[in-house]
Amino acid sequence: MEEKVIEIVQRYSGDKSYLVPILQDVQREFNYLPKDALFSVSAHLSVPISRVYEVVTFYKAFSLKPKGRNQLSLCMGTACHVRGAELIARNVEDFLGIKEGDTTADLEYSFETVGCLGACALGPVLVVNGEYHGHMNIAKSTKILKKLGKKVATDDEQD
Amino acid sequence: MVNLTIDNRKIEAEAGRTILEVARENGIVIPTLCTHESLEPTGSCRLCVVEAKQGKRTRIVTSCLYPVAEGLTVDTKSERVMNVRRLVLQLLLARCPESAQLKEMAAEMGVGAEPRFTPDKDNVKCILCRMCVRTCEKVVGVSAIGFSYRGTEKKVCTPFQEESATCIGCGACAYICPTGHIEMETTKTGDSRTIWGRTFKMATCTVCGRYFAPEDQLKYISRTADVPLENLAVCISCR
């Protein structure tokens, strides 16, 4: 982990004004921001760890918890909301067995709701691994989740 | 040098200084929470508001940041100023209803709680002025604490909200805090103190035998000032 962080920091010639892009790269590398990685970023940039922690907790794009391999974001902006995004959110939550903002225990899926994604005409919008799916409904969201490989637990399997 | 008027008094002041500095030097009282001589002003508490008139334009400014200028007319106690100041204090009180310092200030200014502003129930006494964070960084040079999270969740804490390895237990953050938010507990005998969830062992003075500073702080001073630790073993009163 240390070597990887050093490599990323060197990509920006160790300039501390690039803290945010460096953290973005670290997050891309590990899928989240591990504590040890933050400590080595702090050491190699000579930025106090308290300052790094300030930045990491300020931006919602940074996560201190491991994220799933598949990331789902559902738009909860006004336009999507009035078209039933709330119901879709409940469906995704029931399907994955997690609450909004959480990650499944097998680290396969992360689900979050976001503010406006700027694609109101397509609402409700569900973003799956960076790909926008517009005019979402409950049936479509189930189909997408199934396609991602999650087996639907049948009633007798659930016990 | 520039000439200005503060509360109908003609005052001559050095250019580049702030209204607050000049007013205080001339014995004019302006209440503040977030100013300290060892820190740069930031204007975060908003209590030092005054009315500044330059030419035809009169506006409400924070006196701790506003530089004096030729022909400036300042009113520190006009009705407009007092209204703003009272409102600011009511909002601060609603945020920290438990803070003794704020309550005292409100009593002095004759400000009661405003029913419109529902008091917070989380017993947080922090007004987010950032004085502690800046003291730790600029004065102590340790940067053990910072502001974390944002919006309503924002608070001052150590990284990961755990015991900080960099903290030296000097207590400067607790000392500078204007509202008594940061808690530092010292045991009855004084042999240790706890701050930010970490307990520090205190060192005794070799002359009088009293506990006077955390060992980690002495080590830090010895390291940064390049002074042998033995030279720091005597407390201020015995030196």
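Everything here concerns the structure above.
Everything numeric here is computed off the predicted structure, so don't read it as measured data.

Peer 1: Can you walk me through the interface of chain A and chain B in this structure?
Peer 2: One frequent convention defines the size of an interface as the accessible area lost when the parts assemble. Listed as interface residues are 13 residues of chain A and, on the opposing side, 17 residues of chain B. Buried surface at the junction of chain A and chain B, summed over both partners, amounts to about 1200 Å²; 57% is from carbon and sulfur atoms. Inspection of the region where chain A meets chain B yields three salt bridges. A salt bridge links Glu54(A) to Arg130(B), with the nearest nitrogen and oxygen atoms 3.0 Å apart. In this structure, the connection of chain A to chain B is made through eight residue pairs in polar contact (both at pLDDT 80 or more). Listed by contribution, the elements that provide at least two residues to the side of chain A that touches chain B are α3 (35-45) and α4 (49-58) of chain A. For the side of chain A that touches chain B, the leading source of residues is α4(A), giving seven residues. A class-by-class count of the residues in the side of chain A that touches chain B yields seven nonpolar, two polar and four charged.

Peer 1: I would appreciate a short explanation of the nonpolar core in the present structure.
Peer 2: Soluble globular proteins: nonpolar side chains tend toward being buried together. Grouped together as the largest cluster of nonpolar side chains are 39 residues, with contacts concentrated most on Leu33(B), Leu47(B), Leu102(B), Ile127(B), Cys132(B), Val156(B) and Ile182(B). Listing elements by their share of this core, those giving two or more residues are α2 (79-95), α3 (100-109), α4 (131-140) and α5 (172-176) of chain B. Of all the elements, α4(B) adds the most residues to this core, at five residues. In contact with Ile127(B), not counting residues within four places along its chain, are Leu33(B), Cys45(B), Leu92(B), Arg95(B), Cys96(B), Leu102(B) and Thr179(B). Listed in part, the 22 residues of the second largest apolar core include Tyr12(A), Leu23(A), Ile49(A) and Tyr53(A).

Peer 1: When you look at the sheet that holds strand β3 (residues 49-54) of chain B in this model, what are you seeing that I'm missing?
Peer 2: Sheet strands line up and pair through hydrogen bonds in the backbone, either parallel or antiparallel. Residue and element names in this part refer to chain B. Across the sheet, which stays open at both edges, the five strands sit in the order β2-β1-β5-β3-β4 with mixed pairing between neighbours. If you trace the sheet from one side to the other, it starts and ends with β2 (9-13) and β4 (57-62), each paired once. Within this sheet the neighbouring strands show an average axis-to-axis angle of 30°, counted without direction. Here six bridges tie β3 to β4, and the two strands are oriented antiparallel to one another. Note that in β4 the partner of Glu-51 across the bridge is Ile-60. Packed on one face of the sheet, α2 meets β3, β4 and β5 (72-75) and runs near 145° to β3.

Each value, and the rule that gives it
- Residues numbered from 1 in each chain as written.
- Chains lettered and ligands numbered in written order.
- Predicted model: local features only at pLDDT ≥ 70, side-chain atom pairs only at ≥ 80, totals over all residues.
- Heavy atoms only, no water.
- Contact = heavy atoms within 4.5 Å.
- Buried area = accessible area lost by both parts, 1.4 Å probe.
- Salt bridge = Lys/Arg side-chain N within 4 Å of Asp/Glu carboxyl O.
- Polar contact = N/O pair within 3.5 Å; in protein donor to acceptor, adjacent residues only side chain to side chain.
- Helix = DSSP H or I, 4+ residues; strand = E, 2+ residues; numbered from the N terminus.
- Nonpolar A, V, L, I, M, F, W, Y, C, P; charged D, E, K, R; others polar.
- Core = buried A, V, L, I, M, F, W, Y, C linked by side-chain atoms within 4.5 Å.
- Buried < 20%, exposed > 50% of the residue type's maximum accessible area, 1.4 Å probe, protein only.
- Pairing = 2+ DSSP bridges.
- Axes fitted to C-alpha atoms, helices over the stretch in contact; angles between N-to-C directions.

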